[in-house]
Amino acid sequence: MKHTRNECDAGSVRAGGRGRARSRLRWSRRGVASVLAMMFVVIFGSLAVAMAIVSKGNLRTAQTHLHVLRAMGAADTGMAIAKARLLEATKRFVVDRGQIDGDLGPKLWRGTWSASDGQSRVMATTAGYSEARVPTGIAEALSNAFGADANIVSIAGISDDPEIHAAPGSADASVYGAEGWLTCPAVAIDLDAGVSTNHPAAFQVTYAPLANGTDVRIIVTGYSSISALGGSDYHYGGSGTSSTTLRPLTRVIQQDFRITKQHEHAVLSPSRIMLGKNVHITGNLGGRYTDVAQNDGHPIVMRSDFQHLNATLGLKLEAFYNAVSTGDRDNDNRMRVSHPVEGAALPGAAEDYDEDGQPDNAFADATGDGYVDEFDIFLNHYDRDGDGKVVLSSRLTAGTPAEGLTTEFDDDDDLAQLIDANNPDRNRNGVYGFIDDNRNGTWDEGETILDRDARNNSYPDQVLGWRDGVIDRKDAYVKMNGRIMLSASQSAWNTAQGDYHQYIQGGIQTSNGDAPLRFDASADELPEINAESFSTNTALFEAADGAAFANQVAAQLGVSATDLATYTEASTNATDARYFRADMDNATVYSMTGRHIYERMPFNAPVQAYSDWYYRARYENMVFNNVQIPEGNNALFINCTFVGVTFVRTETANTHSNWSQYGKMEWNASQNRPVEVTTPLDKSDFARYFTGNPIDGPTNYDEFPDPPVIDGVVRTGAARNTKLYSNNIRFHDCLFVGSIVSDTPTQYTHVRNKMQFTGSTRFATQHPTSPEDPDLNPSLEDLVQIEKTSMMMPNYSVDIGQFNSPTDSYVPAEGEDAPSPQDVKLKGTIVAGVLDVRGNSEIDGTLLLTFMPVAGEGPLQNNGVAVGNPAGFNCTLGYFGPDDGDGESLDPTTLPIVDGVRVVGWDTDGDGIADVPHDQARPSGAAAVPFYGYGRIELKWNPNLPMPDGIMLPVNILSLATTYREGRH
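Residues numbered from 1 in each chain as written. Predicted model: local features only at pLDDT ≥ 70, side-chain atom pairs only at ≥ 80, totals over all residues. Heavy atoms only, no water.

1. Observations concerning the overall build of the chain
Argument step 1. A tally of helices and strands in the chain yields 15 helices and 51 strands.
Argument step 2. Relative to its length of 969 residues, the chain is extended, with a C-alpha radius of gyration of 39 Å against a globular reference of 30 Å.
Argument step 3. Across its three principal directions, the C-alpha atoms of the chain cover 175 × 80 × 60 Å.
Argument step 4. Buried positions account for 50% of the 969 residues belonging to the chain. (Helix = DSSP H or I, 4+ residues; strand = E, 2+ residues; numbered from the N terminus. Rg over C-alpha atoms; globule rule 2.2 N^0.38 Å. Buried < 20%, exposed > 50% of the residue type's maximum accessible area, 1.4 Å probe, protein only.)

Laid out in structure tokens, this is it:
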């Protein structure tokens, strides 16, 4: 198509218009780009600025966080130091008061203790700093400790020296005490505070006694960095730079601690500790014995509960303990299955110990707890049907959920009961146990279980395995729940006796990460307790204020006290109150009682192991109230009840080298009775002592000691018989509704000062059948003291049970008149010189033993010549044979079996006691005396029981963990 010019021009005009428009548009687009560019510049610039600001903020945040961590770390360090120093300071104060209450606590803290508050002494510090004087109170002892610190940092308002002062005005009087606050200076912990350019972290401690009198609050302020100008970048407010407004960042933490006097061990003993078969311990053991080079000089011996049950089981246990001796890394006698060393050391599963052609898998983890110990091996051995449970004897399953099941274990009912009935409060609700209708110490069919769920008529503790008639993983049994602490060194023990592992058997389970076995324990950890640690000037001893002993006896016989010297018992009724004088005709006494008026001591010891003979006055079926048994009594109490506090008196100045020899007796075959030994013992045994003429004495006359001085009088002849001034008493089938206490002999003389509790002797705080009778129960005032201890007899030899104690699991033969089973229950802080516990016994509290045997001293010398073995004096719980150092016993595994029963010897006179040893021929007509079994012993440490007054022990602290908090309020 052709266009005319005009058309072309017109088009050109239109086109040009469009072209100019496009040109303007292109310029506009270039402007937008510039704007966008400028916007991006602004955005990126803003981002850069923001990033810089954020980065700086992050740096500040990071720096602040570091300061917070530093301040918190300083506070934590300060708290650890403050707590350690509080413990060190309190343990310097040794007091005889048993409880630290709201009255005594402030006196101990401030140093206002007086003689009327009891005995006390302050030990020297062991922390390595000097003191200008012995501190009078705990606060001053702490002040001395913090006053010895270097690297002190000055802080405005806080002295550079520790200050004891009144509570600040802002303190809440209902919370805090008014006096005795201790403010300590700030201590730098990471840099030298003396260098001006340093900014060390620091802590500052304040001890604030609380209003209750027993608690102290530790308040610790941790500083992030501090110097004369404080830490830079931290101000009271604003952005000023004045040095007066600078401060470091701080953090404050606080926690309360209770000043207390608390025993820390289930057993604390200076002599050897021996734990036999069928003994279960809850709590720590502290052994101070160190003379390991002696024969049998092991600081502790702990026997397996499962040995001697079955020969095949014995082989498995032997293999297991061989593995323990080489592979147990933490000394707990339990092998961790997954541990690279312990697990690898376990014997293999393929061993066929019973030779049935099948692998036994003896070392499987039967309880599923990740460990293999002897309890697992026991379960694997006796669980015949593989259901994870071992069914007990029909006697023990009666009335339980397992009644009627096929018995799998009846080799030792005492052990079965110990395991099945351990830890009775399985659901930890504070309700447990049963009503012991027949008072035999064990739950029997039909007796009421206290923890009952009425909703479904079930017994929660039994559901969780307590006395359910089977032994399984629910019983979670280990021999010892606690740790062993020994003063002896491991190297010395190993050098003297060989690998110590062979003497410690049985699983050990600790809490809080404590090491199961600790050697070289310090004196602070295992404090010394001896005769000087005790006082009889306490409310407990003063409670023994009843009528005189002779008057109480005479009143029950219907005679006067003056008649007792010639009283002759005529009653043939064994249930009457009866009294047989020690000098009565033996044939008469035997015809009326079936027992001789004399007996070997210790009672029922093997013929070859007794120490002396005693002619004992005999008291039967009597009730004594708050009585003091006079020295020289040496009696036998049969079926007697002792209400309140029974105070056994003795001569305390028993230090003569021959104290245990004066009055000693031996059997005289021609007279058929014991008679006194006439071997010369001191100078008064020769005429020269009285005439002064040398020809009236032997050439070695000067080697003999002088006769004893007793009560200020020189005693010779019959008057020096120390049985007249001591007390060796046996209580048989007796009931103590209260406590038994004694004077404290200076020296341990076990032949003269000895208490034996035999038969079914029991201890209680309320009469079991007459709880409302005021004549058979202690007064409420005395009960407060009695509940602190069942027995307090320092430096006495105490036997609970006897060599051959009857147990409730012993089944008498047809026609046999078996003795009553023993069931002794002790509570509180139990004190003795040396203690033997056999048979069935339960101790709820702690054992404190006082006698430390030293070669050549005390009973280990005779006329100045060293005799005996210090390792022969032990704290023995459970049964041991003579091979373990217990000379008063027999090894049951060596006893002969007569008519299917092991026997301990032969009874020739019908009194039930072996008169002829088991390894001698049975005399014609003699009766076999059976071995009644090992029994069972349960010792449960109870730190919550208050201690009795009269024991000098260090004060301690108890951390109140729930009181920890951050901040000042």
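2. Side note on the packing of aromatic side chains
Argument step 1. Taken as a whole, this structure holds 50 aromatic pairs when the rule is applied.
Argument step 2. Between Tyr-500 and Phe-519, the ring centres sit 5.3 Å apart and the planes meet at 75°, which makes this aromatic pair edge-to-face. Residue Tyr-500 is located in the loop between α10 (490-497) and β21 (508-509), and its partner Phe-519 is located in the loop between β22 (517-518) and α11 (539-542); the two are separated by 19 residues in the primary sequence.
Argument step 3. You can call Tyr-500 buried: its relative accessible area is 3%.
Argument step 4. Among the residues examined, Phe-519 registers a relative accessible area of 10% and is labelled buried.
Argument step 5. Geometrically, the ring pair formed by Tyr-619 and Phe-637 is stacked, given 5.0 Å between the ring centres and 15° between the ring planes. One end of the pair, Tyr-619, is in strand β26 (residues 618-620); the other, Phe-637, is in strand β29 (residues 636-638), with 18 residues separating them in the sequence. (Phe/Tyr/Trp six-rings, centres within 6.5 Å; stacked < 30°, edge-to-face > 60°.)

3. So, the confidence of the model for the chain
Argument step 1. For the chain, the average pLDDT comes to 89, and 91% of its residues sit at 70 or higher.
Argument step 2. Segment residues 1-27: pLDDT under 50, and three contacts once partners within four positions in sequence are set aside and those in other chains are kept.
Argument step 3. Taken together, the stretch residues 228-245 has pLDDT below 50 and engages in 24 contacts with residues farther than four places along the chain or on a different chain. (pLDDT = per-residue confidence, 0-100. Contact = heavy atoms within 4.5 Å.)

4. Focus: a nonpolar patch on the surface
Argument step 1. A cluster of nonpolar side chains, Val-35, Leu-36, Met-39, Phe-40, Ile-43, Phe-44 and Leu-47, forms an exposed patch at the surface whose accessible area comes to about 660 Å².
Argument step 2. Within the secondary structure, Phe-44 sits in helix α1 (residues 5-90). (Patch = residues over 30% accessible without salt bridge, like charges linked within 9 Å, V, L, I, M, F, W, Y side chains within 5 Å. Areas by Shrake-Rupley, 256 points an atom, 1.4 Å probe, with all protein chains shown as cover. Salt bridge = Lys/Arg side-chain N within 4 Å of Asp/Glu carboxyl O.)

5. Details of the pairing of strand β39 (residues 791-800)
Argument step 1. Most of β39 is tucked away, with ten of its ten residues classed as buried.
Argument step 2. Taken together, the two bridges between strand β36 (residues 735-742) and β39 define a ladder with parallel strand orientation. Residue pairing across strands places Ile-740 opposite Met-791, the latter belonging to β39.
Argument step 3. Where strand β37 (residues 754-758) lies against β39, four bridges are found, and the strand directions are parallel. Note that in β39 the partner of Lys-754 across the bridge is Ser-797. (Pairing = 2+ DSSP bridges.)

6. So, unusual backbone geometry
Argument step 1. Backbone torsion omega between Met-601 and Pro-602 reads 0°, so that peptide bond is classified as cis.
Argument step 2. Within the secondary structure, Pro-602 sits in the loop between β24 (598-601) and β25 (612-615).
Argument step 3. Phi angles above zero are rare outside glycine, and Asn-795 is one such case at about 65°.
Argument step 4. Note that Asn-795 resides in strand β39.
Argument step 5. You will see that Asp-899, though not glycine, has its phi angle at about 55°, which is positive.

7. Quick word on the sheet that holds strand β1 (residues 93-95)
Argument step 1. Reading across the sheet, the three strands line up as β2-β1-β50 and stay open at both edges, with antiparallel pairing between neighbours. Strands with a single pairing partner mark the edges of an open sheet, and in this sheet they are β2 (120-122) and β50 (953-954).
Argument step 2. Where β1 lies against β2, three bridges are found, and the strand directions are antiparallel. Within β2, the residue paired with Val-94 across the bridge is Arg-121.

8. Concerning helix α4 (residues 311-327)
Argument step 1. Between its terminal C-alpha atoms α4 stretches 24 Å, which fits the 24 Å expected from 17 residues at 1.5 Å a residue.
Argument step 2. The set of residues buried in α4 consists of Leu-313, Gly-314, Lys-316, Leu-317, Ala-319, Phe-320, Tyr-321, Ala-323, Val-324 and Gly-327.
Argument step 3. Buried-residue contacts for α4 involve β15 (335-336), α5 (342-345), β16 (371-372) and α6 (374-382).
Argument step 4. With a side-chain oxygen lying 2.8 Å from the backbone nitrogen of Thr-312, the N-terminal cap of α4 falls on Asn-310. (Expected span 1.5 Å × (residues − 1). Polar contact = N/O pair within 3.5 Å; in protein donor to acceptor, adjacent residues only side chain to side chain.)

9. Here we look at the packing of α4 against α6
Describing two packed helices takes the angle between their axes plus the distance from one axis to the other.
Argument step 1. Running from amino to carboxyl end, α4 crosses α6 at an angle of 150°, the nearest separation of the two axes being 10 Å. Of the possible angle classes, the one that applies to α4 and α6 is roughly antiparallel. Taken as a pair, α4 and α6 cross one another with a handedness that is right-handed. Contacts from Thr-312, Leu-313, Lys-316, Leu-317, Phe-320 and Tyr-321 of α4 reach α6 at Glu-374, Ile-377, Phe-378, His-381 and Tyr-382. (Axes fitted to C-alpha atoms, helices over the stretch in contact; angles between N-to-C directions. Parallel < 35°, antiparallel > 145°, perpendicular 65-115°, else oblique. Left-handed = near helix turned anticlockwise from the far one by under 90°.)

10. Considering the environment of Ala-362
Argument step 1. Of note, Ala-362 is situated in the loop between α5 and β16.
Argument step 2. Sequence-wise, Ala-362 and Thr-538 are 176 residues apart; in three dimensions their C-alpha atoms are separated by 56 Å.
Argument step 3. In this structure, Ala-362 is in contact with Lys-316, Tyr-353, Ile-377 and Asn-380, ignoring residues within four places of it in sequence.

11. Concerning the side chain of Asn-621
Argument step 1. If you trace the backbone, Asn-621 turns up in the loop between β26 and β27 (623-625).
Argument step 2. A distance of 2.8 Å separates the side chain of Asn-621 from the side chain of Asn-639, its partner in a polar contact.
Argument step 3. If sequence neighbours within four positions are ignored, Asn-621 has contacts with Ala-574, Thr-575, Asp-576, Ala-577, Ile-638, Asn-639 and Cys-640.

12. Brief notes about the environment of Asn-777
Argument step 1. Along the chain, Asn-777 turns up in the loop between β38 (762-764) and α15 (780-786).
Argument step 2. Take Asn-777: its relative accessible area is 10%, and that puts it in the buried class.
Argument step 3. Sequence separation between Asn-777 and Thr-566 is 211 residues; the distance between their C-alpha atoms is 32 Å.
Argument step 4. If we ignore the near neighbours within four places in the chain, the residues touching Asn-777 are Val-643, Val-737, Gln-766, His-767, Ser-770, Pro-771 and Glu-772.
Argument step 5. From its side chain, Asn-777 meets the backbone nitrogen of His-767 in a polar contact 2.8 Å long.
Argument step 6. Polar contacts involving the side chain of Asn-777 include one to the main-chain carbonyl oxygen of Pro-771, which spans 3.4 Å.

13. Things to note about the side chain of Ser-533
Argument step 1. Its location among the elements puts Ser-533 in the loop between β22 and α11.
Argument step 2. Overall, the relative accessible area of 2% leaves Ser-533 in the buried class.
Argument step 3. For Ser-533, the residues in contact, after removing those within four places along its chain, are Glu-528, Gly-950, Ile-951 and Met-952.

14. Some remarks on the pattern of salt bridges
Two side chains bearing opposite charge may form a pair once their charged atoms approach each other closely.
Argument step 1. Taken as a whole and assessed by the stated rule, the structure comprises 34 salt bridges.
Argument step 2. Across the salt bridge formed by Arg-618 and Glu-620, the nearest N and O atoms sit 2.5 Å from each other.
Argument step 3. Asp-799 is the partner of Lys-754 in a salt bridge, and the nearest nitrogen-oxygen pair spans 3.2 Å. Within this pair, whereas Lys-754 is found in strand β37, its partner Asp-799 is found in strand β39, the two being separated by 45 residues in sequence. When sorted by exposure, Lys-754 lands in the same class as Asp-799, which is buried.
Argument step 4. Residues joined in a network through salt bridges with shared partners are Asp-103, Lys-107 and Asp-117.

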